[in-house]
Amino acid sequence: MFSCRASSSKTIAVRLPRPSTSPKTTTRTYAISLKPGQILPGERYPRYNWYTKILNSTDRAPLVFLHRDAFTANRLKKLRRDIQIASQKFSKKAEDAGEVFEPPTLTVVRSSIFGAALRDYSNVNHEDIEKMIDGVAGGYAVLSLPVLDPPLLASIIRAMERSVPPRPPKTAEEIAKELEEKLADPAQPGRRIKRQRPVLVPDLKVLGALVEGQVLLPDKLKEVSKFPTLETLRAQIVGLLTAPSAQLAAVLSQASGGQLARTLEGFQKALEEGESPHAP
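Residues numbered from 1 in each chain as written. Predicted model: local features only at pLDDT ≥ 70, side-chain atom pairs only at ≥ 80, totals over all residues. Heavy atoms only, no water.

Labelled according to an unreviewed UniProt entry, the protein chain appears under the name 50S ribosomal protein L10, originating from Rhodocollybia butyracea. Annotation of the protein chain in UniProt includes, under Sequence similarities (unreviewed entry), the sentence "Belongs to the universal ribosomal protein uL10 family." (UniProt positions renumbered as here; feature names shortened; annotations may be inferred.)

Printed below as a string of structure tokens:
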């Protein structure tokens, strides 16, 4: 900033723009690591406490681990809306029963801080967590469900698969074309090639789930989603427990009709014939 004096003896201040000294930032992604890190003095970050609270809720409800790639803010917003729509039927059912239904929550996590929270979480086997993550780098998200309800879990998994279909693998022709465009010379030598914004194709992958200290891989998680509801299981258990008493009641009812008496008379007649002298 400098000042210049005009002919009318007035001082005019002129502000010059400052040169930009900040380097260009790039987005870096990491895998979730459970290795001990550097311990910094002071209190934990608020995000760490938030992640710890989410992990502590897995003693009664599942926590689904998701790997996301090429998601924009609008695309992530649409995914959250599709998950809420998939759970509306179960929310209405809970309201009709007079119960409180907490909707599923999709949380985008920072891999470094979430890894620290997982490392300090002692209610799970860390080797199973590392097997589930398998060193996959990129963006992560977790889906918190209110209760362990297999039909609700299956409905949300189907909604996520419809909202973000699997990304088709690139063919050899597409890979060769991208490499050719990357190495091609500009149409006008010496002129900078104009950059084009790439078309993002989002990808979402279910890594597994954590519930009651147990790690469920994708195959096991799909098997759990096919289970019947808790009310159905209770009815099946009650049926198994009442089956012996029902059979005993059926036998007693047949005896009251005279079938038991006729059976005893047949036994008595057979014994009398066996004791006669002409019997062989």
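Caption draft 1: Spotlight on the overall build of the protein chain. Each helix and strand in the protein chain was counted, giving 10 helices and 7 strands. The proportion of buried residues among the 280 residues of the protein chain is 28%. Considering only intrachain contacts with a sequence separation of at least 6, the fraction spanning at least 24 residues in the protein chain is 80%. (Helix = DSSP H or I, 4+ residues; strand = E, 2+ residues; numbered from the N terminus. Buried < 20%, exposed > 50% of the residue type's maximum accessible area, 1.4 Å probe, protein only. Contact = heavy atoms within 4.5 Å.)

Caption draft 2: Here's a closer look at a positive patch on the surface. Together, Lys-89, Lys-93, Arg-158 and Arg-162 give the surface a local cluster of positive charge. Looking at the positive patch, the elements that each hand over two or more residues are helix 3 (88-96) and helix 6 (150-163). Turning to its location among the elements, Lys-89 is positioned in helix 3. In this structure Lys-89 comes out as exposed when scored by relative accessible area, which is 62%. (Patch = residues over 30% accessible without salt bridge, like charges linked within 9 Å, V, L, I, M, F, W, Y side chains within 5 Å. Areas by Shrake-Rupley, 256 points an atom, 1.4 Å probe, with all protein chains shown as cover. Salt bridge = Lys/Arg side-chain N within 4 Å of Asp/Glu carboxyl O. Lys, Arg positive; Asp, Glu negative; His and termini not counted. Charge placed at Lys NZ, Arg CZ, Asp CG, Glu CD.)

Caption draft 3: How the structure looks around unusual backbone geometry. Positive phi, close to 60°, is recorded for Ala-70, a residue that is not glycine. As for its position among the elements, Ala-70 is in the loop between strand 3 (63-69) and helix 2 (73-86). Here Ala-70 falls in the partly exposed class, since its relative accessible area comes to 25%. Look at Glu-212: it is not a glycine, yet its phi comes out positive at around 55°. Take Glu-212: it is sitting in the loop between strand 6 (203-211) and strand 7 (214-216).

Caption draft 4: Examining the environment of Pro-146 more closely. As for its position among the elements, Pro-146 is in the loop between strand 5 (139-144) and helix 6. When its relative accessible area of 16% is taken as the criterion, Pro-146 is described as buried. Expressed as a C-alpha distance, the spacing of Pro-146 and Arg-60, which sit 86 residues apart in the sequence, is 8.3 Å. Once you skip the residues sitting within four places of it in the chain, Pro-146 turns out to touch Ala-61, Phe-101, Glu-102, Pro-104 and Leu-152.

Caption draft 5: Molecular detail of the packing of helix 1 (residues 46-56) against helix 4 (residues 111-120). Contact geometry of helix 1 with helix 4 gives a least axis separation of 9 Å together with a crossing angle of 50°. Taken together, the axes of helix 1 and helix 4 lie oblique to each other. In the crossing of helix 1 with helix 4, the sense of the turn from one axis to the other is right-handed. Mapping the contact onto sequence places Arg-47, Tyr-48, Tyr-51, Thr-52 and Leu-55 in helix 1 and Ile-113, Phe-114, Ala-116, Ala-117, Leu-118 and Asp-120 in helix 4. (Axes fitted to C-alpha atoms, helices over the stretch in contact; angles between N-to-C directions. Parallel < 35°, antiparallel > 145°, perpendicular 65-115°, else oblique. Left-handed = near helix turned anticlockwise from the far one by under 90°.)

Caption draft 6: Expanded view of the pairing of strand 6. Among the 9 residues of strand 6, 7 are classified as buried, and the element is accordingly described as predominantly covered. Pairing between strand 3 and strand 6: 7 bridges, direction antiparallel. Considered in strand 6, the bridge of Leu-63 is made with Leu-210. Summarising the sheet, strand 6 and strand 7 pair through 3 bridges and their orientation is antiparallel. (Pairing = 2+ DSSP bridges.)

Caption draft 7: Representation of the confidence of the model for the protein chain in the model. Summing up the model confidence of the protein chain, the mean pLDDT is 79 and the portion of residues at 70 or higher is 74%. Overall, residues 1-17 carries pLDDT values under 50, and its contacts beyond four positions in sequence, including any with other chains, amount to 16 contacts. When the criterion is pLDDT under 50, residues 19-26 qualifies, and its contacts beyond four places in sequence or with other chains add up to 0 contacts. (pLDDT = per-residue confidence, 0-100.)

Caption draft 8: Molecular detail of helix 8 (residues 218-225). Buried within helix 8 are the following residues: Leu-221, Val-224 and Ser-225. The buried side chains of helix 8 occupy one side of the element, clustering within an arc of 100° when seen end-on. Considering only its buried residues, helix 8 is in contact with strand 3, helix 6, strand 6 and strand 7. (Arc of directions from axis to C-beta.)

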